[in-house]
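# Examining the three-dimensional arrangement
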Amino acid sequence: MYSLDLQHQLFSQLRPGARFGDGERFLSPPPVAWLIAPLTLVGPAAAFFVWLSLSVAALVVAWWLGAPGTGRARYLWLLGAIGWYPVLYSLSLGQPAMLVLLVVIACWRLAEADRPYLAGVVLGLSVLKPQLTIAVPFVLLVSGRWRVTAGWAAMSGVLALASLLVVGMQGVSDYRSLLAEAQSVVNNRFFTWAYVVGPGPVSYAIQVVAIVLGLVAAYANRHASLARLIALGLLTSAVSATYWHLQDFAILVGAAWLFIRDEPPPWQQAWLVVVALTAELAWPLGPLPVLVALAVWFAMLAIPRRRTTDEPRLAAA
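All of these numbers come straight from a predicted model, not from anything done at the bench.

A count of helical and extended segments in the chain gives 16 helices and 0 strands. The C-alpha atoms of the chain give 20 Å as radius of gyration, which agrees with the globular expectation for 317 residues (20 Å, within 12%). Considered along the principal axes of its C-alpha atoms, the chain spans approximately 65 × 45 × 40 Å. Across the 317 residues in the chain, those meeting the buried criterion constitute 46%. Long-range contacts, defined as pairs at least 24 residues apart, comprise 75% of the intrachain contacts of the chain with a sequence gap of at least 6. Put simply, the chain shows about 15400 Å² of open surface, and 69% of that area lies on carbon and sulfur atoms. Separation of charge centres in the chain, based on 19 positive and 13 negative side chains, amounts to 6 Å.

Structural data, given as structure tokens:
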């Protein structure tokens with residue numbers, strides 16, 4: 001599966017004469033291949049449209065489960081998501097981001113329904129694109145929601161073991177080589193802090209600091225709502241990423257829904273417009289505006305909200 005030579009051969013058969021660049025290499029974890037393998041029966045073009053239909057359906061279900069508001073106003077969140085460039089870009093590339101978005105929102109709903117272990121098992125399916133949610137289980141663990149993290153660890157362990165059995169040690173070696181090479185590709189870190197400080201040790205130091213700050217914030221917000229904590233986990237994943245593309249910002253649709261559900265002050269809600277615009281215009285403006293906008297949003301989530309005397313404190317689940 002991860003043999004670069006075999007991938008090149010197959011690509012040449014599908015698109016004779018086309019360039020086989022870093023964007024055409026398959027780097028997704030094995031569960032993605034298992035999920036799309038049945039679509040090979042209908043051919044590449046039909047497979048894409050089936051996948052597109054599944055992705056749009058996942059977005060709609062995620063909206064139904066997680067979007068805030070009531071009545072007709074709630075539909076604006078769906079229209080906004082469908083019209084946002086990172087989501088459209090993700091859909092055009094056949095990315096699994098919408099499936100991961102559904103996984104995150106379903107995890108939140110199950111945990112809110114007092115089914116934390118099942119919520120964690122569902123969160124484990126985010127292995128379809130793990131960098132989008134990698135910090136979420138650790139934020140939940142530090143905040144005291146260890147049952148969700150336990151379910152995530154169990155599911156992730158099962159999928160990791162199954163993947164190892166399927167691809168074998170040679171497959172693991174090939175995969176590690178592909179990932180190591182991918183880290184050296186400028187485009188893969190264009191929308192990370194490596195764009196600002198360069199791809200060297202300083203960029204990795206910034207990402208470590210972002211993770212530490214996210215975990216400290218998780219503990220400081222341990223009495224906050226689960227919606228706020230999952231949004232914090234998604235933002236921590238984004239600002240600390242070492243491998244991130246414009247289409248990956250699509251996962252922040254879920255973070256926005258959950259953030260609004262936590263009922264932040266109006267001025268913080270308004271900041272989401274800045275995040276949306278800087279991501280919408282990320283190609284002409286460059287990565288820096290959206291990175292700064294995300295850093296400000298991350299700070300909003302990291303600083304615990306002041307509680308009024310009549311506001312109930314939420315116990316850790």
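Further remarks concern the packing of aromatic side chains. Per the counting criterion, the structure on display carries 16 aromatic pairs. For the pair Y89 and W283, a centre-to-centre distance of 6.3 Å together with 85° between the ring planes defines the contact as edge-to-face. Of the two residues, Y89 sits in helix 5 (residues 85–92) while W283 sits in helix 15 (residues 282–285), which places them 194 residues apart along the sequence. The exposure class of W283 is partly exposed, given its relative accessible area of 41%. When the centroid spacing of 5.1 Å and the interplanar angle of 80° are considered together, the rings of F190 and Y195 count as edge-to-face. Taking relative accessible area as the criterion, F190 reaches 24% and is therefore assigned partly exposed. Its relative accessible area of 40% is what places Y195 among the partly exposed residues.

A complete count under the given rule lists 1 cavity of 30 Å³ or more for this structure. Quantified by volume, the largest cavity comes out at close to 40 Å³. D22, R25, L27, L178, E181, A182, V185 and N188 are the residues that line the largest cavity. Here the lining of the largest cavity is composed, by residue class, of 4 nonpolar, 1 polar and 3 charged.

To continue, consider helix 4 (residues 73–83). Listing the buried residues of helix 4 in full gives R74, L78 and A81. Seen along its axis, helix 4 keeps its buried residues to an arc of 65°; they face one direction. Seen from the open side of helix 4, the exposed residues pointing more than 90 degrees away from its buried face are L76 and L79. On its buried face, helix 4 is in contact with helix 3 (44–66), helix 5 and helix 13 (252–261).

Non-glycine residue D114 carries a positive phi angle of around 65°. With respect to the helices and strands, D114 occurs in the loop between helix 6 (97–112) and helix 7 (116–123). Here D114 falls in the exposed class, since its relative accessible area comes to 64%. For E263, which is not glycine, the phi torsion reads 55° and is therefore positive. On the basis of relative accessible area, E263 is assigned to the exposed category, the value being 59%.

It is worth spelling out the side chain of R74 at this point. Relative to the assigned elements, R74 resides in helix 4. Once residues within four sequence positions are removed from consideration, R74 is found in contact with W63, W64, L65, G66, A67, P68, G69 and R261.

It is worth spelling out the packing of helix 4 against helix 13 at this point. Across the interface, helix 4 lies against helix 13 with an axial gap of 11 Å and an inter-helix angle of 155°. It follows from the interaxial angle that helix 4 and helix 13 lie roughly antiparallel. Every pair of crossing elements has a handedness; the one defined by helix 4 and helix 13 is right-handed. Contact residues: R74, W77 and A81 in helix 4; V253, W257, I260 and R261 in helix 13. Its residues assigned to classes, the contact of helix 4 with helix 13 shows 5 nonpolar, no polar and 2 charged.

The tally for this structure, following the rule as stated, stands at 4 salt bridges. Between K129 and D248 there is a salt bridge, with the nearest N and O atoms lying 2.6 Å from each other. Pair noted here: K129 is in the loop between helix 7 and helix 8 (136–142) and D248 is in the loop between helix 12 (226–239) and helix 13, with a separation of 119 residues, a long-range link. One salt bridge in this structure joins R228 and D262, with 2.9 Å as the shortest N-O distance. With R228 in helix 12 and D262 in the loop between helix 13 and helix 14 (266–280), the pair connects residues that are 34 residues apart, well separated along the chain. An identical accessibility class is assigned to R228 and D262; each is buried. Within the structure, one salt-bridge network assembled from shared partners comprises R228, D262 and R305.

Rules behind the numbers
- Residues numbered from 1 in each chain as written.
- Predicted model: local features only at pLDDT ≥ 70, side-chain atom pairs only at ≥ 80, totals over all residues.
- Heavy atoms only, no water.
- Helix = DSSP H or I, 4+ residues; strand = E, 2+ residues; numbered from the N terminus.
- Rg over C-alpha atoms; globule rule 2.2 N^0.38 Å.
- Buried < 20%, exposed > 50% of the residue type's maximum accessible area, 1.4 Å probe, protein only.
- Contact = heavy atoms within 4.5 Å.
- Areas by Shrake-Rupley, 256 points an atom, 1.4 Å probe, with all protein chains shown as cover.
- Lys, Arg positive; Asp, Glu negative; His and termini not counted.
- Charge placed at Lys NZ, Arg CZ, Asp CG, Glu CD.
- Phe/Tyr/Trp six-rings, centres within 6.5 Å; stacked < 30°, edge-to-face > 60°.
- 1 Å grid on protein atoms, 1.4 Å probe; cavity = no way out; pocket = protein on both sides within 12 Å on 5 of 7 lines; lining within 4 Å.
- Points joined across faces, edges and corners; volume = space filled by probe spheres on them.
- Nonpolar A, V, L, I, M, F, W, Y, C, P; charged D, E, K, R; others polar.
- Arc of directions from axis to C-beta.
- Axes fitted to C-alpha atoms, helices over the stretch in contact; angles between N-to-C directions.
- Parallel < 35°, antiparallel > 145°, perpendicular 65-115°, else oblique.
- Left-handed = near helix turned anticlockwise from the far one by under 90°.
- Salt bridge = Lys/Arg side-chain N within 4 Å of Asp/Glu carboxyl O.

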